[in-house]
Amino acid sequence: MGKKRRPPMRVLEDVVEPRAKIVKTSLCSCTFIKLALKTLCLVIFYYTFSIGLTFYNQRFIHHFKIPLSLTMAHLVIKFILAGLCRCLIQMCTSKERVTLPWDMNVKKVAPTGIASILDIALSNWSFEFITVSLYTMTKSTAVVFILGFSLCFRLEKPRWSLIFVVLFIAGGLFMFTFQSTQFQLEGFLMVFAASILSGLRWTLAQIVTQKHEIGLSNPLDMMFHIQPWMIVGLLPLSIAFEDVSLVLRNAGLVLLGAVLAFFLEFSEFLLLANTSSLTLSIAGIFKEICTLYLAATVNGDKMSFLNGLGLVACLAGITLHVILKAVYRKTDTKEMSHDLEMLIRNGEANVDSDDEIDVFNARTDR
């Protein structure tokens, strides 16, 4: 007599119930609550300066038409502020700040700096041609490129649920901005290229800030080392295409924007060092929703039913990401504990078991 088959619903319960218990345990744990509160504070800090700088840049660039020169001025002032803050901290703590040697600076920081400045420059330049809605809709694709680069560099594990969340959020944001855009090819190509570079930028930045042997986990140290490469990358374009003297004539306004840009970059690297490039991108998507909501409130832009549906989809995707992150964090911790137990039993140490790769070298320097 053959083995009796179990009802399909019973099989489904056996699969869903253990996973539901993991979700419940993860969300109610003290570790998750502390992590959630910490991440929330970092995100709010990031939102404050990001939204403020978005409105500032939009108005300044529309009026003066010098996005590259404005960005260059911000870079110089951010470098000076980062250096001053490092000096003050060193004087107060009597601990010398990290300074990378030239070869490591070129190999580790330069690629991140070049990708960063091309992303920022193209994003700001596109404001001359396109609306905030089209900019937001196109830049939302950055989360897809971040996922691609993160999988390529093995910063994220390839899970179908992760891909589903990213596409869900990107699709929701597309619906949220769909009917309020005015298409312009030149500006669209600029911001789409910026989205690709943004994926590379934040993936490389995550590697640099979270690799302890480099020593740039502190946002001030990272900003101090990356600004010169950004200046080198932007200076030729700024001189070739724009009148730099307009920046000097509006030094007060430029200084205000530079302070906002300094704290924005500080908050970005602070959030990145404590989470991941994908979390930063998803937080940025919700920030864009807040920005568009404020723009609609201040400027009187109207939202259709499709826009509202897209907003709900974005919020649902972000919530799902938080839940899955808690679940997989707990699962990965259990797997690590099991692996450690097996090592102890075997009495052997797997010296080079880490799958992390160095994107700047064929092998990982340890």
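In this convention, every chain numbers its residues from 1, walking through the sequence in written order. The model is predicted, so local features are restricted to residues of pLDDT at least 70 and side-chain atom pairs to those at 80 or more, both for listing and for counting; the totals for chains, interfaces and linings are taken over all residues. The basis for the side-chain values is all heavy atoms of the structure; hydrogens and waters are excluded.

**Structural notes on a nonpolar patch on the surface**
Residues with no salt bridge and a relative accessible area higher than 30% make up the patches, which join like charges within 9 Å and nonpolar side chains (Val, Leu, Ile, Met, Phe, Trp, Tyr) within 5 Å. Per-residue and other accessible areas were derived by the Shrake-Rupley procedure at a 1.4 Å probe size, with only the shown protein chains allowed to occlude residues. Here, a salt bridge means any Lys or Arg side-chain nitrogen found within 4 Å of an Asp or Glu carboxyl oxygen. Together, Ile33, Leu37, Leu40 and Ile44 line one region of the surface with nonpolar side chains, adding up to about 370 Å² of accessible area. In this structure, Ile44 sits in helix H2 (residues 30-64). For each residue, the accessible area found with a 1.4 Å probe, counting protein chains only, is set against the maximum for its type, and the residue is called buried under 20%, exposed over 50%, and partly exposed in between. A relative accessible area of 46% places Ile44 in the partly exposed class. By definition, any uninterrupted DSSP run of H or I lasting at least four residues is a helix, any uninterrupted run of E lasting at least two residues is a strand, and each is numbered from the N terminus.

**Regarding the side chain of Ser126**
Examined against the element boundaries, Ser126 turns out to sit in helix H4 (residues 102-126). Overall, Ser126 belongs to the buried group, its relative accessible area being 0%. We call two residues in contact whenever any of their non-hydrogen atoms come within 4.5 Å of each other. Apart from residues no more than four positions distant in its own chain, Ser126 is found in contact with Tyr135, Gly187, Met190 and Val191.

**A word on empty space enclosed by the protein**
Detection works on a 1 Å grid of protein atoms alone, calling trapped sets that fit a 1.4 Å probe cavities and calling open sets with protein on both sides within 12 Å along at least five of seven lines pockets, with lining residues defined by an atom within 4 Å of a point. Grid points are joined across faces, edges and corners, and a volume is the space filled by probe spheres set on the points. A full pass over the atoms with the stated rule returns one cavity of 30 Å³ or more. Each pocket or cavity is described by its volume, and for the largest cavity that value is around 710 Å³. In terms of lining residues, the largest cavity is bounded by 34 residues, among which Tyr135, Lys139, Arg201, Glu268 and Lys287 are the most central. Within the residue set of the lining of the largest cavity, elements represented by two or more residues are H2, helix H3 (67-93), H4, helix H5 (132-139), helix H6 (142-152), helix H8 (185-210), helix H11 (251-274) and helix H12 (277-299). Sort the elements by how many residues they give to the lining of the largest cavity and H12 lands first, with seven residues. Classes in brief: Ala, Val, Leu, Ile, Met, Phe, Trp, Tyr, Cys and Pro nonpolar; Asp, Glu, Lys and Arg charged; the others, Gly included, polar. Of the residues assigned to the lining of the largest cavity, the class counts are 14 nonpolar, 12 polar and eight charged.

**Points about the packing of H4 against helix H9 (residues 219-241)**
A fitted line through C-alpha atoms serves as each axis, taken over the contacting stretch for helices, and the angle formed by two N-to-C directions is quoted from 0 to 180°. Relative to each other, H4 and H9 sit at 50°, their axes nearing to 7 Å. The orientation of H4 with respect to H9, classified from their angle, is oblique. Judged by the twist between their axes, the crossing of H4 over H9 is right-handed. The residue makeup of the contact of H4 with H9, split by class, is 15 nonpolar, six polar and no charged. In what follows, roughly perpendicular refers to angles from 65 to 115 degrees, roughly parallel to angles under 35, roughly antiparallel to angles over 145, and oblique to any angle outside these ranges. Crossing handedness: left-handed means the near helix sits turned counterclockwise from the far one by under a right angle, and right-handed means the same turn made clockwise.

**Section: the environment of Trp202**
Relative to the assigned elements, Trp202 resides in helix H8. Between the alpha carbons of Trp202 and Ser150 there is a distance of 9.2 Å; along the sequence they are 52 residues apart.

**Concerning unusual backbone geometry**
Although it is not a glycine, Lys65 sits at a positive phi angle of roughly 60°. Mapped onto the elements, Lys65 comes out in the loop between H2 and H3. Owing to a relative accessible area of 42%, Lys65 belongs among the partly exposed residues under this scheme.

**A short note on the pattern of salt bridges**
What the rule picks out here adds up to six salt bridges. Arg201 serves as the salt-bridge partner of Asp119, at 2.9 Å between the closest nitrogen and oxygen. Residue Asp119 is located in helix H4, and its partner Arg201 is located in helix H8; the two are separated by 82 residues in the primary sequence. You'll find Asp119 and Arg201 in the same group, each marked buried. With a closest N to O distance of 3.8 Å, Glu268 and Arg201 form a salt bridge. Remark: Arg201 occurs in helix H8 and Glu268 occurs in helix H11; sequence separation between them is 67 residues. Judged by relative accessible area, which is 10%, Glu268 ranks as buried. When its relative accessible area of 7% is taken as the criterion, Arg201 is described as buried.

**Side note on the nonpolar core**
As used here, the term nonpolar core means buried Ala, Val, Leu, Ile, Met, Phe, Trp, Tyr and Cys residues forming a set that is joined through side-chain atoms within 4.5 Å. Of all hydrophobic cores here, the largest spans 62 residues; its most connected members are Phe60, Trp202, Leu216, Leu234, Val254, Phe269 and Leu271. Those elements that provide at least two residues to this core are H2, H3, H4, H5, H8, H9, H11 and H12. When residues of this core are assigned to their parent elements, the largest contribution, 11 residues, is made by H2. With residues up to four places along the chain from it excluded, the contact list for Leu216 reads Val98, Leu100, Val109, Val208, Thr209, Asp221, Met222 and His225. Of all hydrophobic cores here, the second largest spans eight residues; its members include Leu147, Val166, Ile169 and Ile282.

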